[in-house]
Amino acid sequence: MALTTIAAPVLAQAPEAPRTMTDSHIERIKQNCRSAMRIIQHIHTNDGPLRVNRGQVYDSLSSKLMTPLNSRLTMNKLDASDLVRLTAQYEKTLTDFRESYKTYDNQMARVLTLDCVKQPVRFYDSVAEARQLRGTVHGHVVRLHELIDEYEAAFGTFRTQLREGNAKGGDE
């Protein structure tokens, strides 16, 4: 997501949370608490519109391009099975994206309710969980873009076959 660079100081501090936190680590969390909370609030505030905008683009690709094209090709008795298969995978990944984003967003909201001065370990663990959930969302975004590229390539192949007269009808 575009906010990865903003999230880097807070959401990508360490690759993994240590099992036991040292006193100095806890003190650093307490000292940087206000700054961390501002950054997390900023990320949380900006993630919402970004998710809505991306979601609308992803939805439009499916509802205004993929599904109507697949239906039209099928109605014309052309074999669009690769395109239909990719659309089904895309829809499943889009659903996974929506669900994983909701889980991530709920976790970010929970982080913002914590008092990082009074509960530094819990705060750190909650941020680590948010970081992991954000990675899951990112994985779905990457997969959606891969499927878009695969759909485009499959359509290119279909178009070439159609121009060359090699497109198969669905009844053959």
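These numbers come from a predicted model, not from an experiment.

A few words now on the overall build of the protein. If you tally the helices and strands in the protein, you get 5 helices and 0 strands. Order of helices (α) and strands (β) in the protein, N terminus to C terminus: α-α-α-α-α. Once local pairs closer than 6 in sequence are excluded, the contacts in the protein between residues at least 24 apart make up 85%. Total accessible area computed for the protein in this model is approximately 10,300 Å², and 53% of it derives from carbon and sulfur atoms.

With that out of the way, let us pick up helix α2 (residues 23-31). Buried within α2 we find His-25, Ile-26 and Ile-29. One side of α2 carries all its buried residues, which in axial view fall inside an arc of 100°. For α2, the exposed residues lying more than 90 degrees away from the buried face are Asp-23 and Gln-31. Buried positions along α2 lie against α3 (33-75) and α5 (120-163).

Turning to the pattern of salt bridges, a few remarks are in order. Side chains bearing opposite charge may pair, as long as their charged atoms lie close to each other. Tallying each qualifying case throughout the model produces 6 salt bridges. The closest approach of N and O atoms between Arg-98 and Asp-59, which form a salt bridge, is 2.3 Å. With Arg-98 in helix α4 (residues 81-113) and Asp-59 in helix α3, the pair connects residues that are 39 residues apart, well separated along the chain. For Lys-92, the salt bridge goes to Asp-96, with nearest N and O atoms at 2.9 Å. Note that Lys-92 and Asp-96 are positioned in helix α4 at a spacing of 4 residues, about one turn of the helix. Take Asp-96: its relative accessible area is 22%, and that puts it in the partly exposed class. Residues joined in a network through salt bridges with shared partners are Arg-143, Glu-146 and Glu-150.

In this model, α3 (43 residues) spans 60 Å end to end at C-alpha, consistent with the 63 Å of a helix rising 1.5 Å per residue. Considering bend angle alone, the principal kink of α3 is centred on Ser-62 and spans about 30°. Lys-77 sits one or two positions beyond α3 and adopts a positive phi of about 60°.

A few words now on the packing of α3 against α4. Relative orientation of the contacting elements α3 and α4 amounts to 165°, with a least axis distance of 10 Å. One way to sum up the angle between α3 and α4 is to call them roughly antiparallel. For the element pair α3 and α4, the recorded crossing hand is left-handed.

Here we come to the state of the cysteines. Throughout the structure, instances matching the rule amount to 1 disulfide. What pairs with Cys-33 in a disulfide is Cys-116, and their sulfur atoms sit 1.6 Å apart. Here the disulfide of Cys-33 and Cys-116 is right-handed, its torsion about the S-S bond being about 75°. One end of the pair, Cys-33, is in helix α3; the other, Cys-116, is in the loop between α4 and α5, and 83 residues separate them in sequence. Residues Cys-33 and Cys-116 agree in their burial class; the two are buried.

This part is about the packing of aromatic side chains. The full count for this structure, using the stated rule, is 2 aromatic pairs. Residues Tyr-58 and Phe-97 carry aromatic rings whose centres are separated by 5.7 Å and whose planes lie at 90° to one another, so their mutual orientation is edge-to-face. Of this pair, Tyr-58 sits in helix α3 while Phe-97 sits in helix α4, and the two are 39 residues apart along the sequence. Accessibility expressed as a relative area gives 3% for Tyr-58, which makes it buried. The exposure class assigned to Phe-97 is buried, which follows from its relative accessible area of 0%.

What counts, and where the lines are drawn
Residues numbered from 1 in each chain as written. Predicted model: local features only at pLDDT ≥ 70, side-chain atom pairs only at ≥ 80, totals over all residues. Heavy atoms only, no water. Helix = DSSP H or I, 4+ residues; strand = E, 2+ residues; numbered from the N terminus. Contact = heavy atoms within 4.5 Å. Areas by Shrake-Rupley, 256 points an atom, 1.4 Å probe, with all protein chains shown as cover. Buried < 20%, exposed > 50% of the residue type's maximum accessible area, 1.4 Å probe, protein only. Arc of directions from axis to C-beta. Salt bridge = Lys/Arg side-chain N within 4 Å of Asp/Glu carboxyl O. Expected span 1.5 Å × (residues − 1). Bend = angle between axes of the 7 residues up to and from the residue. Axes fitted to C-alpha atoms, helices over the stretch in contact; angles between N-to-C directions. Parallel < 35°, antiparallel > 145°, perpendicular 65-115°, else oblique. Left-handed = near helix turned anticlockwise from the far one by under 90°. Disulfide = S-S within 2.5 Å. Phe/Tyr/Trp six-rings, centres within 6.5 Å; stacked < 30°, edge-to-face > 60°.

Geometric values such as these leave the question of function open.
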